[in-house]
Amino acid sequence: MEYESVLKEIGGFGRVQKAIFLALSFTSFKAVLDLELMVLTLHESKFRCAQQNSSDYVAQNYSEHCRISRLVGDDTNFTLINETCTKFDYQHGDVISKSMVEEYDLVCDRKHYATGMMSVFFLGCALGMLFGTLGDKIGRKKILIVCGVTDLITTILPAFMPTAETQIFARFLKGFPAAVYYQGLLIMEEMTEEKHRAVLGNLYWLFWCVGYMFSGVVVYIFKEWDKIQLFSTVFCLNYIVIFIVVPESPRWLVLKGRVEEAVDVLKRIAKWNGIKWEHKVSKVKMWRKNQQETSWTSPLLSSSNLAMFAMCYFVLNVLLNGAVEIPSSFIGWLGSDRYGRKYTTVIITVLSGFCLIAVPIVPTGGVYNIVKAVVAM
């Protein structure tokens, strides 16, 4: 309670906490943009064998042709031989004019490469979140810095990969910075008064919804996957703000015995909030003696469970799914405020599970199509 009273004295949720909240929550915008842009740039257009442009080959329309027939012999005596396509023509006219599928010919017997990119990305996310647990040992801010620098490098890297195999490796590395937005949430909650944490913990993800919707706009404007990839590095500029403005968690500093550093951080927060705070090192030290050095997160939000959530979460529809998550943030806030975060999380997750089970059970046709769409949303 001593720590809570200190947070209240320095402003609870003053202007500096609000500025830090905006900077840190924007990391979720970048995170979902990385995911959705990869999904969209793996779009598969209709295709046909490129050999059909040569003589002796039977012409094909655009569909999903993995084999082509070749005429052997003359006009009166010929045989049709089926051959495997070695190169492909792709039908342009979709919103995206050059996808990774076209760049690396990820069709037919190479289709598994596209699935592999998604799988290794989520594996990278899971390992990145495990790395994030080191924040309890080395500090929250250090994790933010490492993940931020890694995010910048791995956002640029995929645009220059020459083969599908190297692209898969790049996508694995791209998942690693996933810990950044959870560490950001942790820092935010550790420097904000308790009564504000329910609203922050849920509104933190509003930028995720915005990024979800914005990804479609980016694809529509730039159209080619490598240009789309390079454009997304613009949003790494937010890390400059984070590195300069966001301090180390004062709670973590106290628990590590670095009380004077924690007091300095608290003094700066109070000053930025326009509050003259009479700091008492002895008061902060007394609070430390009554605490156990444990992670702020509950077992429900352990690193392994977060990794599982990350790997299970996937897109249904870019624009509508992004929009429908906006009211969910407010529902989560109100539920957390009234019933607590644990029960609200469990109830909403179980409800989602029932809906996922119900989607294939609901019949198709007529009004059932509307019911199926509502259940899916």
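Values in this document were obtained by computation on a predicted structure and should not be read as measured data. (Residues numbered from 1 in each chain as written. Predicted model: local features only at pLDDT ≥ 70, side-chain atom pairs only at ≥ 80, totals over all residues. Heavy atoms only, no water.)

Asks: So what exactly am I meant to see when it comes to the nonpolar core here?
Replies: Among the nonpolar cores identified, the biggest contains 73 residues, and Leu24, Leu42, Tyr104, Leu106 and Met188 are the most heavily contacted of them. Here this core gathers at least three residues from each of two domains, domain 1 (1-44 + 97-287 + 310-339) and domain 2 (47-90). Each residue touching Met188, except ones within four places of it in the same chain, is listed here: Phe13, Gln17, Ile20, Phe21, Leu24 and Leu200. (Core = buried A, V, L, I, M, F, W, Y, C linked by side-chain atoms within 4.5 Å. Buried < 20%, exposed > 50% of the residue type's maximum accessible area, 1.4 Å probe, protein only. Domains from an automatic or database assignment. Contact = heavy atoms within 4.5 Å.)

Asks: How should I be thinking about the side chain of Lys141 in this particular structure?
Replies: Counting through the fold element by element, Lys141 comes out in helix H6 (residues 140-156). No salt bridge is formed by the buried Lys141; its nearest oppositely charged neighbour, Glu248, is found at 7.5 Å. Engagement of the side chain of Lys141 in a polar contact is seen with the backbone oxygen of Phe243, the distance being 3.2 Å. Only 2.6 Å separates the side chain of Lys141 from the backbone oxygen of Val246, close enough to count as a polar contact. Every residue in contact with Lys141, bar those within four places of it in the chain, is listed here: Ile187, Ile242, Phe243, Val246, Pro247 and Glu248. (Helix = DSSP H or I, 4+ residues; strand = E, 2+ residues; numbered from the N terminus. Lys, Arg positive; Asp, Glu negative; His and termini not counted. Salt bridge = Lys/Arg side-chain N within 4 Å of Asp/Glu carboxyl O. Polar contact = N/O pair within 3.5 Å; in protein donor to acceptor, adjacent residues only side chain to side chain.)

Asks: Even after reading the chapter, I still don't get the UniProt feature "transmembrane region" (unreviewed entry) in the protein, so can you show me in this structure?
Replies: Here the UniProt-annotated "transmembrane region" (unreviewed entry) positions come out as residues 113-131, 143-162, 168-187, 199-222, 228-246, 306-324 and 344-371. End C-alpha to end C-alpha, residues 143-162 measures 31 Å, and it is 70% helix and 0% strand. Helix makes up 82% of residues 344-371 and strand 0%, with an end-to-end C-alpha separation of 25 Å. (UniProt positions renumbered as here; feature names shortened; annotations may be inferred.)

Asks: Just to check I follow, could you spell out unusual backbone geometry for this structure?
Replies: Only a minority of non-glycine residues have a phi that is not negative, and only a minority of peptide bonds are not trans. Despite not being glycine, Asp105 shows a phi value in the positive range, around 50 degrees. Inspection of the secondary structure assignment puts Asp105 in the loop between helix H3 (100-104) and helix H4 (112-132). Residue Asp105 is classed as partly exposed on the basis of its relative accessible area, which comes to 21%. The phi torsion at Lys223 lies on the positive side, around 70 degrees, for a residue other than glycine. Within the secondary structure, Lys223 is located in the loop between helix H10 (206-222) and helix H11 (225-231). Taking relative accessible area as the criterion, Lys223 reaches 30% and is therefore assigned partly exposed.

Asks: Quick question: what am I supposed to make of the layout of surface pockets here?
Replies: Over the atoms a probe the size of a water molecule is rolled, and this reveals where empty space is left. Here the second largest pocket is characterised by a volume of approximately 150 Å³. In terms of lining residues, the second largest pocket is bounded by Leu42, His43, Glu44, Val101, Leu106, Lys111, Ala114, Thr115 and Met118. Considering each element in turn, the lining of the second largest pocket owes the most residues, three residues, to H4. The residue inventory of the lining of the second largest pocket, partitioned by class, reads five nonpolar, two polar and two charged. (1 Å grid on protein atoms, 1.4 Å probe; cavity = no way out; pocket = protein on both sides within 12 Å on 5 of 7 lines; lining within 4 Å. Points joined across faces, edges and corners; volume = space filled by probe spheres on them. Nonpolar A, V, L, I, M, F, W, Y, C, P; charged D, E, K, R; others polar.)

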